[in-house]
Amino acid sequence: MNWFKNMRISVKLISAFVVLSLFTGAMGVYGILNMRNVDEKYTDLYMDYGVSLANLGSVGIQFNWIEKSLRDMLRIEDLDAKQVMYEEIETRSKAMSSDMASFQATLRKQEDKEVFEKLQNKLMQYKGVRDQVIELAMTNQNERGLQALPQLDQMASEAEELFNQLFEVRRKNGGIESDELSEQTGTSTMTMIAVIIIAMGAVILFGLYISRMISNPVRKLVHGANQIADGNLDVEIDVDTRDEIGKLAEAFRRMSDNLNEIMSNVQRAAEQVAAGSKQISISSVSLSQGATEQASSIEQLSASIEEIASQTRQNAENSNEANQLAEAA
C-alpha cells in the first residue's frame, strides 16, 4: 500500500469519494436488478396463474354454453335457428381453442402439463361426438341426437372433473410460487440490508484509513514543531510518505538539520570567544601585577632619591659651612 500512501492528498480524498460512489452505484444496480427480477417473476406469476386461469375459466364458460346450445338445437325444428346456433357454437369453439392455446403457453410444471393433456384429449373426444350430434340436429334427426346426449354428458362430466383438477393444481402451484417469491423478496431484502451494512462499514473503514494516513503524519509534524519551539533541535520526524505531508516533513527535517548546524557554529564561536576572553583576563591580571611591581619600585626609587636629596642638602650645608670657615681662615 506504499503506492497509495505516496499519492497526493487530493487524490486520496477523491479516491475515497470514488469508492463511495462505486459502492453506492453497486448497491443501486443490485437493487434495480433485484427489483426487475422480482417484477418479472411477479409478471410471470400473474400471466401463468392469473391470466391463464382466466383463460381456463373462459374455456369452461364456452364449453358450458356450447353444451347448452347443443341441447337447444335438438329441441327445435327451425333450420335457420339451428344455423344461427351452429355458427355461434363454431365461434365459441374457436374462442375456446384460442383460450386453450393461451393457457397451454403458460404451463411450466410437468404436473400441469399432464392434467392439461388429459383435458385436451377429453375435449377432442367430446368435439368428435358433438360434431356428430350437430350434424344430426342440422338434418332434423333430433331423436338420434338426443340418444347421443348421455355419452356427451358423460364426457362433459369427465371434462368438468379435469377442469376442476386443473384449477386445483394451478391454484396449488400458484400458491407455492407466490410463497417462493415472497421468500425470495424477504431474502433479497435481507441481502440488500447486509450489502448496505457491509458497504457502509467498508466505506467508514476506508475513510478512517485515509484520515489516519493524513492525521498521523500531521500530528508528528505538530509534535516536532512544538519541540523545536521549546528549543529542542534534536528532533526526529518519522514520516516516510511522498505526498504533500511527506514533502513538508522533509522540509522540517532540513530545517532542523540547518538549525542544528547553525547552533553548532554559534556554539563553537561562543567557545572561541570565551577562550579569547579568558586569555585577555589572564593577560590583564599579569599586566596588573607588573604595574603593581613597577609602582613599588618607583616608590622605593622615590625614597632613595629623597634620601639622596637630603644627603645632598646636608652636604651643601656642610660645604657652605666649610666655605665660611675657609673664608674666615
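Residues numbered from 1 in each chain as written. Predicted model: local features only at pLDDT ≥ 70, side-chain atom pairs only at ≥ 80, totals over all residues. Heavy atoms only, no water.

A. Just the overall build of the protein, in detail. Helix and strand content of the protein: seven helices and zero strands. Within the span of the protein, comprising 329 residues, buried residues form 26% of the whole. Contacts in the protein between residues far apart in sequence, at least 24 positions, make up 79% of those at least 6 positions apart. Of the roughly 21,700 Å² of accessible surface on the protein, a fraction of 57% belongs to carbon and sulfur atoms. (Helix = DSSP H or I, 4+ residues; strand = E, 2+ residues; numbered from the N terminus. Buried < 20%, exposed > 50% of the residue type's maximum accessible area, 1.4 Å probe, protein only. Contact = heavy atoms within 4.5 Å. Areas by Shrake-Rupley, 256 points an atom, 1.4 Å probe, with all protein chains shown as cover.)

B. Here's a closer look at the packing of aromatic side chains. Evaluation of the coordinates by the stated rule reveals three aromatic pairs. A ring pair is formed by Phe63 and Phe163, whose centres lie 6.2 Å apart and whose planes are at 55°; its orientation type is tilted. One end of the pair, Phe63, is in helix 2 (residues 9–73); the other, Phe163, is in helix 6 (residues 149–229), and 100 residues separate them in sequence. In terms of burial, Phe63 and Phe163 fall into one category: buried. Judged by centre distance (5.6 Å) and plane angle (35°), the rings of Phe103 and Phe116 are tilted. (Phe/Tyr/Trp six-rings, centres within 6.5 Å; stacked < 30°, edge-to-face > 60°.)

C. Local environment of the pattern of salt bridges. For the structure on display, the rule yields nine salt bridges. Here Asp72 ties to Lys68 by a salt bridge, and the two come within 3.1 Å at their closest N and O atoms. Placement of the pair is Asp72 and Lys68 together in helix 2, with a separation of four residues, close to one helical turn. When the shortest N-O distance is used, the salt bridge between Arg71 and Asp153 registers 2.1 Å. Within this pair, whereas Arg71 is found in helix 2, its partner Asp153 is found in helix 6, the two being separated by 82 residues in sequence. Residue classification places Asp153 among the partly exposed residues on the basis of a relative accessible area of 28%. Salt bridges here are not isolated pairs; linked through shared partners, they connect Glu67, Arg71 and Asp153. (Salt bridge = Lys/Arg side-chain N within 4 Å of Asp/Glu carboxyl O.)

D. Just the packing of helix 3 (residues 79–105) against helix 4 (residues 110–138), in detail. The geometry of helix 3 relative to helix 4 is characterised by a closest axis approach of 12 Å and an angle of 170° between their N-to-C directions. The orientation of helix 3 with respect to helix 4, classified from their angle, is roughly antiparallel. Contacts between helix 3 and helix 4 involve Leu79, Lys82, Gln83, Tyr86, Ile89, Glu90, Ser93, Met96, Met100, Phe103 and Gln104 from the former and Phe116, Gln120, Leu123, Lys127, Arg130, Ile134, Ala137 and Met138 from the latter. Its residues placed into classes, the contact of helix 3 with helix 4 shows eleven nonpolar, four polar and four charged. (Axes fitted to C-alpha atoms, helices over the stretch in contact; angles between N-to-C directions. Parallel < 35°, antiparallel > 145°, perpendicular 65-115°, else oblique. Nonpolar A, V, L, I, M, F, W, Y, C, P; charged D, E, K, R; others polar.)

E. Seen up close, helix 4. Between its first and last C-alpha atoms helix 4 spans 41 Å; for 29 residues at 1.5 Å apiece the expected length is 42 Å, and the two agree. Of the residues trailing helix 4, Asn140 is marked for its positive phi of about 60°. (Expected span 1.5 Å × (residues − 1).)

F. Just a nonpolar patch on the surface, in detail. On the surface, Ile196, Met200, Ile204, Leu205 and Leu208 cluster together into a nonpolar patch covering about 480 Å² of accessible area. Note on Ile196: relative accessible area 33%, which makes it partly exposed. (Patch = residues over 30% accessible without salt bridge, like charges linked within 9 Å, V, L, I, M, F, W, Y side chains within 5 Å.)

G. Region of the structure containing the nonpolar core. In terms of nonpolar packing, the biggest core is built from 31 residues, with Phe63, Leu119 and Leu123 touching the most fellow members. Residue assignment for this core shows that the elements contributing at least two residues are helix 2, helix 3, helix 4 and helix 6. (Core = buried A, V, L, I, M, F, W, Y, C linked by side-chain atoms within 4.5 Å.)

H. Structural detail: helix 6. Taking 1.5 Å as the rise per residue, helix 6 with 81 residues should run 120 Å; its terminal C-alpha atoms sit 116 Å apart, in good agreement. Positive phi shows up at Gly231, right after helix 6, with a value of about 100°.

I. Inspection of the packing of helix 4 against helix 6 at higher detail. Packing of helix 4 against helix 6 leaves a shortest axis separation of 9 Å and a crossing angle of 155°. One element, helix 4, and the other, helix 6, form an angle in the roughly antiparallel class. Crossing angle aside, the handedness with which helix 4 passes helix 6 is left-handed. Taken together, the residues of the contact of helix 4 with helix 6 break down into 15 nonpolar, four polar and eight charged. (Left-handed = near helix turned anticlockwise from the far one by under 90°.)

J. Quick look at unusual backbone geometry. Even without being a glycine, Asn140 presents a positive backbone phi close to 60°. By secondary structure assignment, the location of Asn140 is in the loop between helix 4 and helix 5 (142–147).

K. Just the side chain of Asn55, in detail. Looking at where Asn55 falls in the secondary structure, it is placed in helix 2. For Asn55, the contacting residues outside a window of four places in its chain are Asp99, Ser102 and Phe103.

L. Here's a closer look at the environment of Ile210. For Ile210, the location among the structural elements is in helix 6. On the basis of relative accessibility, which here comes to 4%, the residue Ile210 falls in the buried class. For the pair formed by Ile210 and Ser15, sequence separation is 195 residues and the distance between their alpha carbons is 9.7 Å.

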